[in-house]
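# Summary of the model geometry
Here is how the chains run, residue by residue.
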Amino acid sequence: MADHKTNKDQRYDRQLRLWGDHGQEALENAHVCLVNAAASGTEILKNLVLPGIGAFTIVDGHRVSGEDVGNKYLKLSCRTVLLNRAQATTELLQELNTDVSGNFVEENPDRLLDNDPEFFHRFSLVIAVQLEESTCLRLGSVLWNAAVPFLVCRTYGLVGYMRLVVREHTVVESHPDNALEDLRLDQPFPELTNHITSYDLDNMEKKDHSHTPWVIIVAKYLQKWCREHDFQLPRNYKEKEAFRQLLREGIRKNENGTPEEEENFDEAIKNVNTALNPSKIPTAVEDLFNAEQCENITSQSPAFWVMVRAVRDFVQAEGRGSLPVRGTIPDMIADSDKFISLQNVYRERALQDAAAVSRHVESHLQAVGKLPECISEQDIRLFCKNAAFLRVVHCRALVEEYGVDTVHKDEITSCMDNPDSEMVLYLMLRSVDCFYQQHSRYPGVYNYQVEDDIVRLKLCVHSLLQEYGLTVNVKDDYVHEFCRYGAAEPHTVAAFMGGAAAQEAIKLITHQFVPFNNTFIYNAMAQTSATFQL
Amino acid sequence: SLSLLLFSLFRKKKRRIEELTEKMALDVGSSGDWDGRWRHVQKFLERSGPFTHPDFEPSEETLQFLLETCKILVIGAGGLGCELLKNLALSGFRHIHVVDMDTIDVSNLNRQFLFRSKDVGHPKAEVAADFINSRVPGCHVVPHFKKIQEFDESFYRQFHIIVCGLDSIIARRWMNGMLLSLLVYDDGVLDPSSIIPLIDGGTEGFKGNARVILPGMTACIDCTLELYPPQINFPMCTIASMPRLPEHCIEYARILQWPKENTSIPSLLVLMCLPLYGVALDGDNPEHIHWVFQKSLERAAEFNIIGVTYRLTQGVVKRIIPAVASTNAVIAGTVPSRENTALFAYVPLNNYLVFNDVDGLYTYTFEAERKENCSACSQVPQKLQFPPSAKLQEVLEYLTENASLQMKSPAITATLEGKNKTLYLQTVASIEEKTRPNLCKTLKELGLADGQELAVADVTTPQTVLFKLNFTS
């Protein structure tokens, strides 16, 4: 057992460094359903099986075709042509990772929706690939009502498409690329002020002076500045420059009057902007505080919202308008003691703030008749540490995207101001779906069909635009191009989408990093992409 | 224009190679194509479209070219390499070579899917080739369990396209330099059929990039060296006396403690005055890592630093870069498309693509521009400006620290009194010892003159780089 664990640690080492052991656990407890084992689907699952998803189930009623064998993720040898696609694909994928449990259902998804729609309720996530519009909408409806996240993925010629449908997806650990530090230099908490006061820069030994953390230096000089400027912090460029000059003058000079080499002061000067970042609550977080789910905490409230509410309470009370202190500081030139003691000041304050938040959590849980153990201290601390980075994503139901009254007309029209925007590719995908509805096939699959289908497809485009009242211009070139594609699924595009979709699936399962919202289009011709909210 | 040239170079090269391959045709064996096998690919090669190149003529010939003649080299059979090999094989390429000097490790298995647990310890190139060859009928992958530097021009010249999935900037630069050395100029005009396109991809966590390089025509690796900032190492004084982070404690154990405690001096060798030798720290040896971990904990305890873990220790010692299957899949997915833009005949646009899916999905493409005085591809003589009183040490530091050069261990030679003289060379211990005193000498003392040419060799390039020395006052 222990051996297996270390082996898993080794195997997954490179990804554990991204989402941690708790993220991996979430992945291993997940059960994903893939509808349609087309090339894109196989690629998506491969990228979920390799990192160790708990289980997958493939729903597909097709037999393996010659095209599949030419196109799909390796291993399909000629003899598997006789197998059903679901089974063949399951066996392929199972081989990649024996820790993963693979299942298949040899059934047409429409039939499953007819006979047993609740089949889909058991999954953490359902991914549909190359699915016809009508089935997709039916499935979307079932999943929306069951609150199961739904990811639609398509590869159509040189165009890739993804649509995420999820009622509410909360993210505590969004891992932002460029997070601002939480230093509170504009409004130091009492312990920080005390710590700063304990330093006497003017009377320090030279060695100590050169190894005092820049945060202390800036804090000290800010105190000086505030006394001389009516308690106003440096606000504009001119004042910040003047402040930098003040810092410069603080550098010790040798007997000849030349400034010594004091790298910590250089750091302080470089970091003035960072230091003066106002410690305010990001709008995204304010929005969460104002949300209905935060206002009304019930016994059904997910832990996320209970904690949002607890943090809001904290902000209004102990926090005095600020979020809980994050507790981390960046590395800076300093001797070990000074750095560690400064770090501890922030760390201890963070623990205190988290404890205060915890008391608010407890009182809300009690008020709705739940035990405080429902939400662990660890979770609360993690939440507080990430309080400035919380994200909630809502990706509306397909029925709203498709509804004539609820279509996002403005978004579509304004994007189409540029007729070559990726939006035109979306409109073309909708148009080929119309074509399929009318002709039970996609345009241009066979060479002899291409010419006539261009005319037919153009009619579909017009009727689509008319139905939704979209006054946009779809160039003939795109109609021609989509006929040319003949609904092909080139492997390289399927591979790209397989990677993209798998990563979004991992985000949904681990609740780490932020999923897209809600339509992603990849143009493999121009190698560009765009995200729209439709 | 670029697109015209790209397309015509394939035409010319195709003809040239067809002549050559007549003589060295591989026996691919039976590769009966079943019905529908290439249907997905055929739609793009046999049908014209509104966005294809004006010169593109749809034909069945192109598919034939793909299948029969086109020879591709994949460098690296790791995260990107496995994905690339699969994509190429399933897109119709049949003649593929793959070079990789590594063997398989357990930590590869979360993404390098051509390998299984039983393959751990075996050469990546060979296992990858076996896998593809046994599963994709008609595809013939030739593995090379070697370093790229072990091959010369005659090897690289046989390929139509080279695709890189490397994890080292040095190796990229070397490859870049090799392809530049293959260029043929007739009367100062570049012969397009001597161009071998280089497609280079890289990934790190949730970020990745892919670029197309036409050596001699578009920006090369060295033109955009500033995009790869040099690796930052912690200052020695921090590690030695002022640690603050757990990483500092680990580096202390690795850099200072390990050599001290793992150098043995057999008495006989001392008598023979041979230099000390020691056991090098092996990041893949769990016992070594464990030793470093324990020492790091002790160091951290001394300074009240928290956060030293086994995982962090390994990460710091091996300079581990996090990696997942999905990012590699995405980047590899763009790569054959790029080369296929010529074969699919779309007008290739910007040559550098960047991808990031930390927050939603983000792609950005731009045209990386050639650097006028690029030390690798510009053919403009590189300048070194120093006063005659400057020491050779300063020149060495310039070569390694300058952002556009970033050499690793340059060897400097010059012609003095009609003879080729090595001024300083690091990579051979005996020569290093002999030439070390030159570092403290001034350029004047070494006998160098204004306008003198210095030849510099380095691991970052297969060819020596010529510098012109200008004396400043």
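Everything numeric in this text was worked out from a predicted model, so none of it was measured.

## As for helix H7 (residues 169–181) of chain B
Residues and elements named next belong to chain B. Taking 1.5 Å per residue as the helical rise, H7 with its 13 residues ought to reach 18 Å, and the 18 Å between its terminal C-alpha atoms agrees with that figure. Ala171, Arg172, Arg173, Trp174, Met175, Asn176, Gly177, Met178, Leu179 and Leu180 are the residues of H7 that are buried. Against the buried residues of H7 lie strand E1 (71–75), helix H6 (153–156), strand E4 (161–164), strand E7 (198–204), strand E8 (207–213) and strand E17 (461–471).

## Focus on the interface of chain A and chain B
In this complex, chain A contributes 86 residues to the contact, which on the side of chain B involves 76 residues. Here chain A meets chain B over a buried area of about 7,000 Å², counting both sides, of which 58% is carbon and sulfur. Taken together, the connections running from chain A to chain B amount to 8 salt bridges. Counting across the interface, chain A meets chain B through 24 residue pairs in polar contact (both at pLDDT 80 or more). The leading source of residues in the side of chain A that touches chain B is helix H24 (residues 491–510) of chain A, at 10 residues. Residue composition of the side of chain A that touches chain B, by class: 39 nonpolar, 24 polar and 23 charged.

## Some points on the packing of helix H9 (residues 246–261) of chain B against helix H11 (residues 286–303) of chain B
Residues and elements named next belong to chain B. Closest axis-to-axis distance for the H9/H11 pair is 9 Å, and the angle between their directions is 115 degrees. Crossing of H9 over H11 shows right-handed handedness. Residues Cys249, Ile250, Tyr252, Ala253, Arg254, Gln257, Trp258 and Glu261 of H9 form the contact with H11, whose participating residues are His288, Trp291, Val292, Lys295, Ser296, Arg299 and Ala300. Residue composition of the contact of H9 with H11, by class: 8 nonpolar, 3 polar and 4 charged.

## Side note on the sheet that holds E4 of chain B
All names here are of chain B. The strand order across the open sheet built from 8 strands is E3-E2-E1-E4-E7-E8-E11-E12, with neighbouring strands paired in mixed fashion. Among the strands making up the open sheet, the edge pair consists of strand E3 (140–144) and strand E12 (362–366). Here the average twist between neighbouring strands, direction ignored, is 15 degrees. As defined by bridge partners, E1 adjoins strand E2 (residues 95–99) across 5 bridges and the pair is classed as parallel.

## Examining the pairing of E8 of chain B
Residue and element names in this part refer to chain B. Counting buried residues in E8 gives 6 out of 7 residues, a clear majority hidden from the surface. When E7 meets E8, the two strands line up antiparallel, connected through 7 bridges. Each residue of the ladder has a partner; that of leucine 198, found in E8, is isoleucine 213. The antiparallel pairing of E7 with E8 creates a hairpin that spans 2 residues between the two strands, and glycine 205 there sits at a positive phi of about 60 degrees. With 5 bridges connecting them, E8 and strand E11 (residues 352–356) associate as antiparallel partners.

## With respect to the sheet that holds strand E15 (residues 419–424) of chain B
Residues and elements named next belong to chain B. One open sheet holds the 5 strands; their spatial order is E13-E17-E16-E14-E15, and the pairing between them is mixed. Unpaired on one side and paired on the other, strand E13 (382–386) and E15 mark the two borders of the sheet. Direction aside, neighbouring strands of the sheet carry axes that sit 35 degrees apart on average. Of the strands in this sheet, E13, strand E14 (411–416), E15, strand E16 (453–458) and E17 are in contact with helix H14 (residues 392–401), which crosses E13 at around 140 degrees.

## Some words on the pattern of salt bridges
All chains considered together, the criterion is met by 44 salt bridges over all chains. Among the ionic pairs, glutamate 95 of chain A bridges to arginine 116 of chain B, the shortest N-O distance being 3.0 Å. Here arginine 116 of chain B lies in the loop between E2 and helix H5 (124–135) and glutamate 95 of chain A lies in the loop between helix H5 (85–94) and strand E3 (101–105), a pairing that spans two chains. In this structure glutamate 95 of chain A comes out as partly exposed when scored by relative accessible area, which is 34%.

## Details of the domain arrangement of chain A
Residues and elements named next belong to chain A. Assigned domains within chain A: domain 1 (7–168 + 489–532), domain 2 (190–276), domain 3 (283–393) and domain 4 (398–485). With 21 residues of domain 1 at the contact, the number on the domain 4 side is 21 residues. Between domain 1 and domain 4 the total buried area reaches about 2,000 Å² when both faces are included, carbon and sulfur atoms providing 66% of it. The largest contributions to the domain 1 side of the interface with domain 4 come from Glu133, Tyr156 and Phe532, which together make up 35% of the buried area. Our enumeration of links across domain 1 and domain 4 arrives at 2 salt bridges. When the shortest N-O distance is used, the salt bridge between glutamate 401 and arginine 163 registers 2.6 Å. Our count for the contact surface shared by domain 1 and domain 4 stands at 4 residue pairs in polar contact (both at pLDDT 80 or more). Elements with a contribution of two residues or more to the side of domain 1 that touches domain 4: helix H7 (133–145), strand E5 (150–156), strand E6 (159–171), strand E8 (519–523) and strand E9 (528–532).

## A few points about the UniProt feature "active site" (unreviewed entry) in chain B
All names here are of chain B. Those residues carrying the UniProt feature "active site" (unreviewed entry) are Cys237 in this numbering. With respect to the helices, strands and loops of the structure, cysteine 237 is situated in helix H8 (residues 236–241). Residue cysteine 237 is classed as partly exposed on the basis of its relative accessible area of 45%.

## A closer look at the packing of helix H16 (residues 303–316) of chain A against helix H17 (residues 336–367) of chain A
Residues and elements named next belong to chain A. At a closest axis distance of 8 Å, the pairing of H16 and H17 adopts a crossing angle of 120 degrees. Classified by the interaxial angle, the pair formed by H16 and H17 is oblique. Seen from above, H16 lies across H17 with right-handed handedness. Two secondary-structure elements touch here, H16 through Val306, Met307, Arg309, Ala310, Val311, Asp313 and Phe314 and H17 through Asp353, Ala356, Val357, His360, Val361, His364 and Leu365.

Conventions and cut-offs
- Residues numbered from 1 in each chain as written.
- Chains lettered and ligands numbered in written order.
- Predicted model: local features only at pLDDT ≥ 70, side-chain atom pairs only at ≥ 80, totals over all residues.
- Heavy atoms only, no water.
- Helix = DSSP H or I, 4+ residues; strand = E, 2+ residues; numbered from the N terminus.
- Expected span 1.5 Å × (residues − 1).
- Buried < 20%, exposed > 50% of the residue type's maximum accessible area, 1.4 Å probe, protein only.
- Contact = heavy atoms within 4.5 Å.
- Buried area = accessible area lost by both parts, 1.4 Å probe.
- Salt bridge = Lys/Arg side-chain N within 4 Å of Asp/Glu carboxyl O.
- Polar contact = N/O pair within 3.5 Å; in protein donor to acceptor, adjacent residues only side chain to side chain.
- Nonpolar A, V, L, I, M, F, W, Y, C, P; charged D, E, K, R; others polar.
- Axes fitted to C-alpha atoms, helices over the stretch in contact; angles between N-to-C directions.
- Left-handed = near helix turned anticlockwise from the far one by under 90°.
- Pairing = 2+ DSSP bridges.
- Domains from an automatic or database assignment.
- UniProt positions renumbered as here; feature names shortened; annotations may be inferred.
- Parallel < 35°, antiparallel > 145°, perpendicular 65-115°, else oblique.

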